[in-house]
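Observations on the model geometry
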Amino acid sequence: GTRMKGIYSALLVSFDKDGNINEKGLRQIVRHNIEVNKVDGLYVGGSTGENFMLSTDEKKRIFEIAKDEAKDEVKLIAQVGSVNLKEAVELAKFATDLGYDALSAVTPFYYKFDFAEIKHYYETIINSVNNKMIIYSIPFLTGVNMSLDQFGELFENEKIIGVKFTAADFYLLERMRKRFPDKLIYAGFDEMMLPAAVLGVDGAIGSTFNVNGVRARQIFELAQEGKVSEALEIQHVTNDLITDILGNGLYQTIKAILEDQGVEAGYCRKPMKEATPEMIVKAKEMNKKYFQ
Ligand code: NGF
């Protein structure tokens, strides 16, 4: 549990123009996160990894490459969730065999699964392996809003050790912190990291840490030291950056900033669009403004 606290990049994946995994670029993104962003860990196969547009073999390949490049230098969490539960179990076994420190699974989406179905999904995945599970809750993309009691029911399984909380419901977050002091809670919205840190989350998992990991750590550590106004100054700069990124195209822009820093972050997977020349110009301006 406690050894998994800290700052985790939701790992970007580099694709070539045809949408194939660019292994060299992916390795560079892993190295950049470890050496420049100085993250504590990587969250592999999440939304930021464009995971839900990939085949099972591609997901496995990404788990392999990330582990091979990171070795044991940082903690590794594998997001294995899928509405295809058999695929989720297969990926859970695969990532566990590779030595991933923990698994995570998005709440099953698209169909309106009831809580009994959601619980069965988590129990099936985690009981198939000797590993730990971090629930991936992202209601704005999945439509799944679980209550405090429902989280509590899932957390009764000791192998379910925490939650990646990508939501703006700070009332629920506070209730969770108080009721589950021993579970790991990760903040998922980078632009709301400071209030989440003040509420006592154990860490954060974010897409923007692929470029802005150093500021993210400063916000988190200052908040933990009670230096809220200093942390807020850094959150303000961070949110200027995030506003610029979101206004220009989330993953395309982070990739273009990385490219400008010499990291072969490549293209996004279709149906995500290709960055236009105008988007790339703006990303270069962001790199200059926030990172030089
Ligand atoms: O990218 C998304 C989804 N969310 C990420 C984060 O929760 C990581 C967040 O960093 C994640 O979901 C994943 O990769 O699995 C945002 O991108 C960031 O706060 C900007 O809004 O939209």
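The present account deals with the structure reproduced in this document. (Residues numbered from 1 in each chain as written. Predicted model: local features only at pLDDT ≥ 70, side-chain atom pairs only at ≥ 80, totals over all residues. Heavy atoms only, no water.)

A few points about empty space enclosed by the protein
Applying the stated rule across the entire model yields 2 cavities of 30 Å³ or more. Around the largest cavity sit Phe-165, Ala-167, Phe-170, Leu-173, Ala-187, Gly-188, Phe-189, Met-192, Ala-196 and Val-201, which together line it. Looking at side-chain class alone, the lining of the largest cavity contains 9 nonpolar, 1 polar and no charged residues. Quantified by volume, the second largest cavity comes out at close to 30 Å³. Considering the residues around the second largest cavity, the lining is formed by Val-13, Gly-45, Gly-49, Asn-51, Leu-54, Lys-59 and Ile-62. Its residues assigned to classes, the lining of the second largest cavity comprises 3 nonpolar, 3 polar and 1 charged. (1 Å grid on protein atoms, 1.4 Å probe; cavity = no way out; pocket = protein on both sides within 12 Å on 5 of 7 lines; lining within 4 Å. Points joined across faces, edges and corners; volume = space filled by probe spheres on them. Nonpolar A, V, L, I, M, F, W, Y, C, P; charged D, E, K, R; others polar.)

Digging into the site of the ligand
The environment of the ligand is formed by 21 residues, the closest being Thr-48, Tyr-136, Glu-191, Ser-207 and Tyr-251. One of the side-chain N or O atoms of Lys-164 is found 2.9 Å from an oxygen atom in the ligand. Within the side chain of Thr-166, one N or O atom sits 3.2 Å away from an oxygen atom of the ligand. In isolation the ligand exposes 480 Å². Once the protein is present, 96% of that is buried. Structurally, the ligand is housed in the largest pocket. Within the residue set of the shell around the ligand, elements represented by two or more residues are helix H5 (139-142), strand E8 (203-206) and helix H11 (250-260). Classifying every residue of the shell around the ligand by side-chain character gives 11 nonpolar, 7 polar and 3 charged. (Near = heavy atom within 4 Å. Polar contact = N/O pair within 3.5 Å; in protein donor to acceptor, adjacent residues only side chain to side chain. Areas by Shrake-Rupley, 256 points an atom, 1.4 Å probe, with all protein chains shown as cover. Sits in = over half its atoms within 2 Å of the grid points. Helix = DSSP H or I, 4+ residues; strand = E, 2+ residues; numbered from the N terminus.)

Scope: geometric values only; no functional claims are made or implied.
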